[in-house]
Amino acid sequence: MDWLNVDNVLAALAERFAAVEFQPAPLMRLKDASRQQTCIRVPADQLIAVMRFLHDDERCRFDQLADLTCVDYLNFPDAADRYGVTYMLLSTRIGHRLWAKCFVNDPAPEVPSVTGIWKGAEWLEREVWDMFGVKFAGHGDLRRILTWEGFEAHPLRKDYPLRGRGERENYERIERESA
Amino acid sequence: MGLGTTPAAPHLASKDDVLTTRLDHLMDILRQGTVNWARRNSLWPMPFATACCGIELMATGASRYDIARFGAEAMRFTPRQCDLMIVAGRVAIKMMPVLQRIYLQMTEPKWVISMGACACTGGVFDNYAVVQGVDQFMPVDVYVPGCPPRPETLLEGVMAIQRIVDNDGIRPSRERGGGRGLRLAVTAPAVPVQLGLPGEN
């Protein structure tokens, strides 16, 4: 599967951003190396420049943001940072794919928003804010998208209890007489 | 014999009481026998179907199980036309105000069936976002167990609502006081009827 080969992209990135350590690595261990996808690390201060380059450069042309999510690496073995905001990029012209991770930490984890590059990132970033509490600087409308108004916590953090902190019990009650 | 105590034989208390008691029994037949009967056999369900229980609810409404045999086939998606809410499926906390608003908008008298494990208890969804039983936040008359309940079970729930309507809808004459309220209205001293606003004479 040649179209999964991103050597051109990595060469272009190394040429353009000589100072940044992207540390390209296989996304996961697979027996068939030709099916392997590549993941790079991007520092938060370089994120917008790198993403703009990946979107615009002729050798990259990642015109679609297939997904944007986050992983909480709390208590993960050998993890140095806590939140890994994950970008899954797809080039519909060339066909190759690339994963990019941007690591941020407590307190006040924050990454720049990529809504200026891929407009579809808007709701995805709102979901990451809702579930993990990672702020996206430059996002025009960073509200909660899944949980309800007045909800305080970020429930997909690993230190949030599954049954909540009493949110599901504190609600207005309607009696038969009041109806 | 005072009105505060229950007479041993109300129809023998006086000549007037015979009339009022008989009148009340006539009202009894009219109200309990027809109003409750009509309500029981013409329930209008409001299907609040949020999950797989909704599929069983549809099956109950379809030809094989045919909820029309119990007069409850007219499902309406506006609460203003309904008197039986069927909560079918799990309810998220975010959905709870919607459910409560719909319940408040339903016309009186109204009844609620909590259908399935999720609506009754939260089911397997024991997490921060799911209501652990809608009866925590609104009145429920009948709980239908199952995951999801078979249509026969839901029909049994509808029949339980019918029994509730029969028993609690309009109470029979002897529970209402054997016509004493009616007698009070008949024998009450005449009060001059005042027309217009008070103090406007």
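For the structure, check the block above.
The paragraphs below set out a description of the structure included in this document. Computed from a predicted model, the values in this text were never measured in an experiment.

1. Points about the sheet that holds strand S2 (residues 84–88) of chain B
Residues and elements named next belong to chain B.
So, point 1. Spatially, S1-S2-S3-S4 is the arrangement adopted by the four strands of the open sheet, whose pairing is parallel. Edge positions in the sheet fall to strand S1 (45–49) and strand S4 (142–144), since each has one partner strand and no second. Looking at each pair of strands side by side, their axes are set apart by 20° on average, direction ignored.
So, point 2. Where S2 meets strand S3 (residues 111–115), five bridges bridge the pair, whose relative direction is parallel. Bridge pairing in S3 links Ile-86 to Ile-113.

2. A closer look at unusual backbone geometry
So, point 1. Cis geometry marks the peptide bond from Asp-106 of chain A to Pro-107 of chain A; its omega dihedral reads -15°.
So, point 2. With an omega of -15°, the peptide bond between Cys-147 of chain B and Pro-148 of chain B qualifies as cis.
So, point 3. Along the polypeptide, Pro-148 of chain B turns up in the loop between S4 and helix H5 (151–168).
So, point 4. At Gln-23 of chain A, a position not held by glycine, the phi torsion is positive, near 50°.
So, point 5. With respect to the helices and strands, Gln-23 of chain A occurs in the loop between helix H1 (7–16) and strand S1 (25–26).
So, point 6. Residue Gln-23 of chain A is classed as exposed on the basis of its 10 C-beta neighbours within 10 Å.
So, point 7. The phi torsion at Arg-61 of chain A lies on the positive side, around 55°, for a residue other than glycine.
So, point 8. Locating Arg-61 of chain A in the fold gives a position in the loop between helix H2 (47–56) and strand S3 (64–72).
So, point 9. A tally of 18 C-beta atoms within 10 Å means that Arg-61 of chain A is categorised as partly exposed.

3. A short note on the packing of helix H2 (residues 53–61) of chain B against H5 of chain B
Residues and elements named next belong to chain B.
So, point 1. It is the contact of H2 with H5, at a shortest axis distance of 9 Å, that shows an interaxial angle of 75°. Taken together, the axes of H2 and H5 lie roughly perpendicular to each other. The residues of H5 that touch H2, namely those facing Glu-56, Leu-57, Ala-59 and Thr-60, are Pro-151, Leu-154 and Leu-155.
So, point 2. Here the residues of the contact of H2 with H5 are counted per class, giving five nonpolar, one polar and one charged.

4. Quick look at the pairing of S3 of chain B
All names here are of chain B.
So, point 1. In terms of burial, S3 is largely enclosed, as five of its five residues are buried.
So, point 2. In this fold, S2 hands off to helix H3 (residues 96–105), which returns the chain to S3; that crossover is right-handed.
So, point 3. Where S3 meets S4, three bridges bridge the pair, whose relative direction is parallel. Residue pairing in the sheet places Met-115 in a bridge with Val-144 of S4.
So, point 4. The handedness of the S3 to S4 crossover, carried by helix H4 (residues 116–121), is right-handed.

5. Some remarks on helix H3 (residues 121–132) of chain A
All names here are of chain A.
So, point 1. An ideal rise of 1.5 Å per residue puts 16 Å on 12 residues; H3 measures up with 16 Å between its terminal C-alpha atoms.
So, point 2. Among all positions in H3, only Ala-121, Leu-124, Glu-125, Val-128, Asp-130, Met-131 and Phe-132 are buried.
So, point 3. Taken together, the buried residues of H3 touch S3, strand S4 (83–90) and strand S7 (135–137).
So, point 4. A positive phi of about 75° marks Gly-133, the residue just after H3.

6. Let's talk about the interface of chain B and chain A
So, point 1. With 16 residues of chain B at the interface, the matching set in chain A holds 14 residues.
So, point 2. Residues belonging to the side of chain B that touches chain A are distributed by class as follows: 11 nonpolar, three polar and two charged.

Rules behind the numbers
Residues numbered from 1 in each chain as written. Chains lettered and ligands numbered in written order. Predicted model: local features only at pLDDT ≥ 70, side-chain atom pairs only at ≥ 80, totals over all residues. Pairing = 2+ DSSP bridges. Helix = DSSP H or I, 4+ residues; strand = E, 2+ residues; numbered from the N terminus. Axes fitted to C-alpha atoms, helices over the stretch in contact; angles between N-to-C directions. Buried ≥ 20, exposed ≤ 12 C-beta atoms within 10 Å, placed from the backbone. Parallel < 35°, antiparallel > 145°, perpendicular 65-115°, else oblique. Contact = placed C-beta atoms within 7 Å. Nonpolar A, V, L, I, M, F, W, Y, C, P; charged D, E, K, R; others polar. Right-handed = clockwise from strand over helix to strand, strands pointing away. Expected span 1.5 Å × (residues − 1).

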